[in-house]
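Take a look at the letters that make up each chain.
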Amino acid sequence: YGAATPYALSEEDGRVYVLRGTALSDLEFAANRLVDRRLHNFREDEFDAVVVRSGQKERRLVKAGDKLAAAPQQPADELATNWHERIWRTMGVDVLGRDETPAAGTPRVELRVDYVRGNTPVGFIEMGKAGADVFARTEHTAGWVRLHGGSAQILDERDKVVEPRG
């Protein structure tokens, strides 16, 4: 078509193929465009409880509608609900490969949230810091994923959720 139109030449048969304009740029910037940044491969309606672990402390919270509560007929725990919402909506910034370690070293897991339906595990997320960055790994990721900057607050507030004060 024109000088700026990308094309590919088949070395096998000598055919020339005109490429869609975005095909080449998708490949050039594949590290940013073609990476699966999802942390989970299940939906929010596919679990009915979460088990939050921090150190030796553990707390189970059940879903009560779109909120979390200590037990099915108890009032919603607004702090835990809002805190978990931030975990559920967190985004990965840099995705590391299988067995790849962050430059600052292997993150020390400070928080684990297990997702269950009845007594059946659905998935999990582990979060920890390496240097100044927060990383996570889940049932869906190949390895560690560096999270956006606001994720440090999730770790800072974990003890308030695991061990609430009445």
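Quick look at the structure, then. (Residues numbered from 1 in each chain as written. Predicted model: local features only at pLDDT ≥ 70, side-chain atom pairs only at ≥ 80, totals over all residues. Heavy atoms only, no water.)

Counted under the stated rule, the structure contains 6 aromatic pairs. For the pair F47 and Y115, a centre-to-centre distance of 4.7 Å together with 65° between the ring planes defines the contact as edge-to-face. With a gap of 68 residues between them, F47 in the loop between α2 (30-33) and β3 (49-54) and Y115 in strand β7 (residues 108-117) connect regions that are remote in the sequence. Y115 sits in the buried class, given a relative accessible area of 0%. Aromatic ring contacts, followed pair by pair, group F42, F47, W88 and Y115 into a single cluster. One residue, R112, lies across the ring of F124, its end atom 4.3 Å from the ring centre. (Phe/Tyr/Trp six-rings, centres within 6.5 Å; stacked < 30°, edge-to-face > 60°. Helix = DSSP H or I, 4+ residues; strand = E, 2+ residues; numbered from the N terminus. Buried < 20%, exposed > 50% of the residue type's maximum accessible area, 1.4 Å probe, protein only. Lys NZ or Arg CZ within 6 Å of the ring centre and 35° of its normal.)

Time to look at the pattern of salt bridges. Side chains carrying opposite charge are able to pair once their charged atoms draw close together. Inspection of the entire model under this criterion finds 17 salt bridges. Of the charged contacts in the structure, one is a salt bridge between E44 and R89, with a shortest N-O distance of 3.2 Å. In this pair, E44 is assigned in the loop between α2 and β3 and R89 in helix α3 (residues 78-89), connecting sequence segments 45 residues apart. According to the relative accessible area criterion, E44 is partly exposed, its value standing at 27%. (Salt bridge = Lys/Arg side-chain N within 4 Å of Asp/Glu carboxyl O.)

Once that is clear, we can look at the nonpolar core. One recurring pattern in soluble globular proteins is that nonpolar side chains are buried together. Membership of the largest hydrophobic core comes to 24 residues, with the highest contact counts inside it found for L111, V113, Y115 and M127. Only β3, α3, β7, β8 (120-130), β9 (133-138), β10 (145-147), α4 (152-156) and α5 (158-162) provide two or more residues apiece to this core. The leading source of residues in this core is α3, at 4 residues. Beyond its immediate stretch of four places on either side in the chain, M127 contacts R108, V109, E110, L111, V134, F135, A136, L147, S151, I154 and L155. (Core = buried A, V, L, I, M, F, W, Y, C linked by side-chain atoms within 4.5 Å. Contact = heavy atoms within 4.5 Å.)

This brings us to the sheet that holds strand β5 (residues 67-69). Spatially, 8 strands are ordered β5-β4-β3-β7-β8-β9-β10-β6 in an open sheet, and the strand pairing comes out antiparallel. The open sheet has two free edges, formed respectively by β5 and β6 (92-95), since each of these has just one partner strand. Each adjacent strand pair in this sheet contributes to an overall mean axis angle of 30°, direction not counted. Relative to β9, β8 runs antiparallel, the two being bridged by 6 bridges. Paired with E126 across the bridge in β9 is R137. Contacts from α3 reach β3, β4 (57-64), β5, β7 and β8 within the one sheet, and its direction differs from that of β7 by about 100°. (Pairing = 2+ DSSP bridges. Axes fitted to C-alpha atoms, helices over the stretch in contact; angles between N-to-C directions.)

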